[in-house]
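Chain residues, written in single-letter form:
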Amino acid sequence: MEPGGLEWLLVPMQQLVSWGAAGAMVFGGVVPYIPQYRDIRRTQNAEGFSTYVCLVLLVANILRILFWFGRRFESPLLWQSIIMIITMLLMLKLCTEIRVSNELNVKRRSFAAADSKDEEIKAPPKRSYLEQPQNCYLGISNAQDFDLNYFWHWSKFTDYVQCVLTFTGVTGYITYLWLDSSLFVETLGFLAVFTEAMLGVPQLYRNYQNRSTEGMSIKMVLMWTSGDTFKTVYFILNQAPFQFSICGLLQVFVDIAILLQVYLYSHYPQKPVSHTAHPASTKAL
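Residues numbered from 1 in each chain as written. Predicted model: local features only at pLDDT ≥ 70, side-chain atom pairs only at ≥ 80, totals over all residues. Heavy atoms only, no water.

Looking at an unreviewed UniProt entry, the protein carries the name Solute carrier family 66 member 2, with the source organism given as Taeniopygia guttata.

A.B. asks: Break down the overall build of the protein for me, citing the residues and quoting the values.
C.D. replies: For the protein, the helix and strand inventory stands at ten helices and two strands. The order of helices and strands in the protein, counted from the N terminus, is α-α-α-α-α-β-β-α-α-α-α-α. Taken over 285 residues, the protein has a buried fraction of 42%. Taking the intrachain contacts of the protein between residues at least 6 apart in sequence as the baseline, contacts between residues at least 24 apart amount to 73%. Carbon and sulfur atoms make up 65% of the accessible area of the protein, which totals about 16,100 Å². (Helix = DSSP H or I, 4+ residues; strand = E, 2+ residues; numbered from the N terminus. Buried < 20%, exposed > 50% of the residue type's maximum accessible area, 1.4 Å probe, protein only. Contact = heavy atoms within 4.5 Å. Areas by Shrake-Rupley, 256 points an atom, 1.4 Å probe, with all protein chains shown as cover.)

A.B. asks: Describe the UniProt feature "transmembrane region" (unreviewed entry) in the protein, with residues and values.
C.D. replies: Following the UniProt record, the feature "transmembrane region" (unreviewed entry) maps to residues 16-37, 49-71, 77-95, 160-179, 185-205 and 243-265 here. Structurally, residues 49-71 comprises 83% helix and 0% strand, and the distance from its first C-alpha atom to its last is 34 Å. Structurally, residues 243-265 comprises 100% helix and 0% strand, and the distance from its first C-alpha atom to its last is 33 Å. (UniProt positions renumbered as here; feature names shortened; annotations may be inferred.)

A.B. asks: Account for the side chain of Thr 225, naming residues and giving values.
C.D. replies: On the secondary structure map, Thr 225 appears in helix α9 (residues 218-237). Owing to a relative accessible area of 14%, Thr 225 belongs among the buried residues under this scheme. Setting aside anything within four residues of it in sequence, one finds Thr 225 in contact with Asp 255 and Leu 259.

A.B. asks: Describe in detail the nonpolar core, supporting the description with residues and values.
C.D. replies: A general trend in soluble globular proteins is that nonpolar side chains are found buried together. Core analysis: the largest hydrophobic core is formed by 54 residues, its most contacted members being Tyr 33, Ile 40, Phe 49, Met 88, Trp 152, Trp 224 and Phe 244. Those elements giving two or more residues to this core turn out to be α2 (33-43), α3 (52-70), α4 (75-102), α6 (157-178), α7 (182-197), α9 and α10 (242-267). Counting residues per element, this core draws most heavily on α3, which supplies 14 residues. The residues touching Phe 244, leaving out its near neighbours within four places in the chain, are Arg 64, Phe 67, Phe 73, Leu 77, Val 193 and Phe 235. (Core = buried A, V, L, I, M, F, W, Y, C linked by side-chain atoms within 4.5 Å.)

A.B. asks: Please give an account of the pattern of salt bridges that cites residues and values.
C.D. replies: This structure, assessed with the given rule, holds four salt bridges. Here Arg 71 ties to Glu 186 by a salt bridge, and the two come within 3.1 Å at their closest N and O atoms. Here Arg 71, found in the loop between α3 and α4, pairs with Glu 186, found in helix α7; they are 115 residues apart in sequence, far enough to count as distant. (Salt bridge = Lys/Arg side-chain N within 4 Å of Asp/Glu carboxyl O.)

A.B. asks: Tell me about the environment of Glu 47, and please be specific about residues and values.
C.D. replies: Position of Glu 47 among the secondary structure elements: in the loop between α2 and α3. For Glu 47, a relative accessible area of 30% corresponds to the partly exposed category. It is 9.5 Å that separates the C-alpha atoms of Glu 47 and Ile 98, two residues lying 51 residues apart in sequence.

A.B. asks: Lay out the packing of aromatic side chains in plain terms, naming residues and giving numbers.
C.D. replies: Taken as a whole, this structure holds eight aromatic pairs when the rule is applied. When the ring of Phe 151 is compared with that of Trp 154, the centres are 5.4 Å apart and the planes differ by 85°; the resulting orientation is edge-to-face. Its relative accessible area of 0% is what places Trp 154 among the buried residues. Members of the aromatic cluster, joined through ring pairs, are Phe 151, Trp 152, Trp 154 and Tyr 160. (Phe/Tyr/Trp six-rings, centres within 6.5 Å; stacked < 30°, edge-to-face > 60°.)

A.B. asks: Describe the side chain of Ser 245, listing the residues and the values that go with them.
C.D. replies: When you line up the elements, Ser 245 lands in helix α10. Excluding its chain neighbours within four sequence positions, the residues that come into contact with Ser 245 are Thr 232, Phe 235 and Ile 236.

A.B. asks: An account of the environment of Leu 55 is needed here, citing residue identities and associated values.
C.D. replies: For Leu 55, the position within the fold is in helix α3. Note: C-alpha distance between Leu 55 and Leu 92 (37 residues apart in sequence) is 9.1 Å. Those residues within four positions of Leu 55 in sequence are excluded, and the remaining contacts are Phe 151 and Trp 152.

A.B. asks: Please set out unusual backbone geometry residue by residue, giving values where relevant.
C.D. replies: One non-glycine residue, Gln 44, lies in positive phi territory at about 55°. Along the chain, Gln 44 falls in the loop between α2 and α3.

A.B. asks: Talk me through a nonpolar patch on the surface; I want residue IDs and the actual numbers.
C.D. replies: A surface patch of nonpolar side chains, amounting to about 710 Å² of accessible area, comprises Val 170, Tyr 173, Ile 174, Tyr 176, Leu 177 and Trp 178. Considering the arrangement of structural elements, one finds Val 170 in helix α6. Classification of Val 170 as partly exposed rests on a relative accessible area of 46%. (Patch = residues over 30% accessible without salt bridge, like charges linked within 9 Å, V, L, I, M, F, W, Y side chains within 5 Å.)

Shown next as structure tokens:
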């Protein structure tokens, strides 16, 4: 068969492979969170999953989208960020609902002040993005104030949404003002991928604190490792901005470190370190 005779077959095959790789980049990033999401729903326990993973991915992907306006990289990477943001918000919604439903006799804070003393007792204050201290005995509400002690440990999903929107608005406005600066754009891209590279660090630290990986989906970490390896190869082969390749390599190293924790804590269990009771320290990172 003449070499030209195979061209009608090779070209469509190459196109299918290209589409497949693009589809894997767009949706492959959310696949590792499916087993974790199902485990949390099944067990009604979100303590083994660090919600700071969601924070890291939300910040990283918001910055990556802003980076796209200054340096137009491949559209599958842009769509990957959009899909990931939606996925992380869904994870946060589930974890928040389950954590609040499991909390008993724990003070909570919310935006709305109670109208009376009795209502404040029946509905104790909730932790929220904008802290509103209340005096339950006197029925006095103070002015709203941001409380770092409860950052990312709020009792309502809407508070997380407000925080994300605030961050997006502020960084978006700064990016609009400095979009013509190539130094700012490249720095923004580096911050986006470096933040994403730190994805596994909250889970790594939480495992170290607990001296255990119980409650963490091992399938999720295995998918992290395989996905990050594929992603790094994709970046290199498609000559993506160098920041993306650095991000991928660093993520692979962190994934391997978490897998080492799984091996060590399962074969050489250690006695958990006791922590002093504190409202912030008793929650998942």
